[in-house]
Amino acid sequence: MLESARRSFDSDLELLNVEMIKMSAMVEHAIENTITAFKNQDERLAQAIIAGDRDINEAEKQIEAKCLSLILRQQPVAKDLRSVSTALKMVTDIERIGDHAADIAEILQNMRGEHIFEMVEHIPAMANVAIEMVHNAVKAFVEQDLGLVKSVTEEDDVMDELFDKTKSEVVEILKQNGSDLDLGVDFLMISKYFERIGDHA
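Residues numbered from 1 in each chain as written. Predicted model: local features only at pLDDT ≥ 70, side-chain atom pairs only at ≥ 80, totals over all residues. Heavy atoms only, no water.

Undergrad: How do you make sense of the side chain of Asp99 when you look at a structure like this?
TA: Tracing the backbone through its elements, the reader meets Asp99 in helix 3 (residues 78–109). A distance of 2.7 Å separates the side chain of Asp99 from the side chain of Arg96, its partner in a polar contact. Dropping the residues within four chain positions of it, Asp99 is found in contact with Asp53 and Asn57. (Helix = DSSP H or I, 4+ residues; strand = E, 2+ residues; numbered from the N terminus. Polar contact = N/O pair within 3.5 Å; in protein donor to acceptor, adjacent residues only side chain to side chain. Contact = heavy atoms within 4.5 Å.)

If you want it as structure tokens, here you go:
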């Protein structure tokens, strides 16, 4: 009886991990799309990112329900309870990352101008680091890989450095042309959202 319950719990935990990976992939895709929308000034893609945030929110609710069901139905032992409780906390962070991708997309909808993508060299790099951090954080949880945990914390330092470099770029833009103030604020907000994504990861 106990062995059967154990197998059932392990199976449910594996399914939970699969759902976490799927939700993470949705968020990673949203981040990738922000840079594509930024580069191409693609308003439709920006709108799709915002609309897709609803799917991420729904995924969070489904995973939360599964976590609570595991806790109430299976009555897990301490180690298992820690895993499920951690997943419950993680989906909140993943959902917030999805929100930040949507926040960036909202800013992009109002940004216009020639060559604006080339004006801030380090924002695309921030997006790439963000994607890698999110991916590795979830993978570290699923595979219980402490080496990946360490790499994510190290990447956060890289993210902070890129944020500082972006701020310096914006200062230079404003020195050269003070009329670009609104654009400078948009660049800063986009980079700040990527920096927050790193913090959540």
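Undergrad: Which parts of the structure should I look at to understand the packing of helix 5 (residues 122–143) against helix 6 (residues 146–176)?
TA: Between helix 5 and helix 6, whose axes approach to 9 Å, the crossing angle comes to 165 degrees. Put simply, helix 5 runs roughly antiparallel to helix 6. Between helix 5 and helix 6 the crossing geometry is left-handed. Residue composition of the contact of helix 5 with helix 6, by class: 15 nonpolar, four polar and six charged. (Axes fitted to C-alpha atoms, helices over the stretch in contact; angles between N-to-C directions. Parallel < 35°, antiparallel > 145°, perpendicular 65-115°, else oblique. Left-handed = near helix turned anticlockwise from the far one by under 90°. Nonpolar A, V, L, I, M, F, W, Y, C, P; charged D, E, K, R; others polar.)

Undergrad: Is there a simple way to think about unusual backbone geometry in this case?
TA: Working note: non-glycine residues mostly have negative phi, and peptide bonds are mostly trans. In this model, Gln41 sits at a positive phi of 50 degrees, which is unusual for a non-glycine residue. When you line up the elements, Gln41 lands in the loop between helix 1 (2–40) and helix 2 (43–74). When its relative accessible area of 30% is taken as the criterion, Gln41 is described as partly exposed. We note that Gln144 has phi near 50 degrees; this positive angle belongs to a residue other than glycine. (Buried < 20%, exposed > 50% of the residue type's maximum accessible area, 1.4 Å probe, protein only.)

Undergrad: Would you explain the packing of helix 5 against helix 7 (residues 181–200) in this entry?
TA: Two quantities define a packed helix pair, namely the angle between the helix axes and the distance between the axes. Running from N to C, helix 5 and helix 7 point in directions that differ by 20 degrees, and their axes come no closer than 9 Å. Viewed along their axes, helix 5 and helix 7 adopt a mutual orientation that is roughly parallel. For the element pair helix 5 and helix 7, the recorded crossing hand is left-handed. Where helix 5 abuts helix 7, its residues Ile123, Met126, Ala127, Ala130, Met133 and Val134 lie against Phe187, Ile190, Ser191, Phe194, Glu195, Ile197 and Gly198. Of the residues contributing to the contact of helix 5 with helix 7, the split by class is ten nonpolar, two polar and one charged.

Undergrad: Hey, could you run me through helix 6 in this one?
TA: Owing to its 3.6 residues per turn, the α-helix brings residues three or four apart onto one side. Taking 1.5 Å of rise per residue, the 31 residues of helix 6 would be expected to cover 45 Å, and the 46 Å separating its terminal C-alpha atoms lies within 8% of that figure. Listed in full, the buried residues belonging to helix 6 are Leu148, Ser151, Val152, Glu155, Asp156, Met159, Leu162, Phe163, Thr166, Glu169, Val170 and Ile173. On its buried side, helix 6 packs onto helix 4 (116–119), helix 5 and helix 7. A distance of 2.8 Å separates the backbone nitrogen of Gly147 from a side-chain oxygen at the start of helix 6, and that oxygen is part of Asp145. (Expected span 1.5 Å × (residues − 1).)

Undergrad: I tried to follow the packing of aromatic side chains on my own but got confused; where do I start?
TA: For any pair of aromatic rings, the description consists of the separation of the ring centres together with the inter-plane angle of the planes. A full pass over the atoms with the stated rule returns two aromatic pairs. Here the aromatic rings of Phe38 and Phe117 are separated by 5.2 Å at their centres, their planes lie at 75 degrees, and the arrangement is edge-to-face. Note that Phe38 is positioned in helix 1 and Phe117 in helix 4, a separation of 79 residues in sequence. One exposure class covers both Phe38 and Phe117, and it is buried. Seen from their ring centres, Phe38 and Phe187 are 6.3 Å apart, and the 55 degrees between their planes marks the pair as tilted. On the criterion of sequence distance, the pair formed by Phe38 in helix 1 and Phe187 in helix 7 is long-range, its members being 149 residues apart. One aromatic cluster is present, formed by Phe38, Phe117 and Phe187 through successive ring pairs. (Phe/Tyr/Trp six-rings, centres within 6.5 Å; stacked < 30°, edge-to-face > 60°.)

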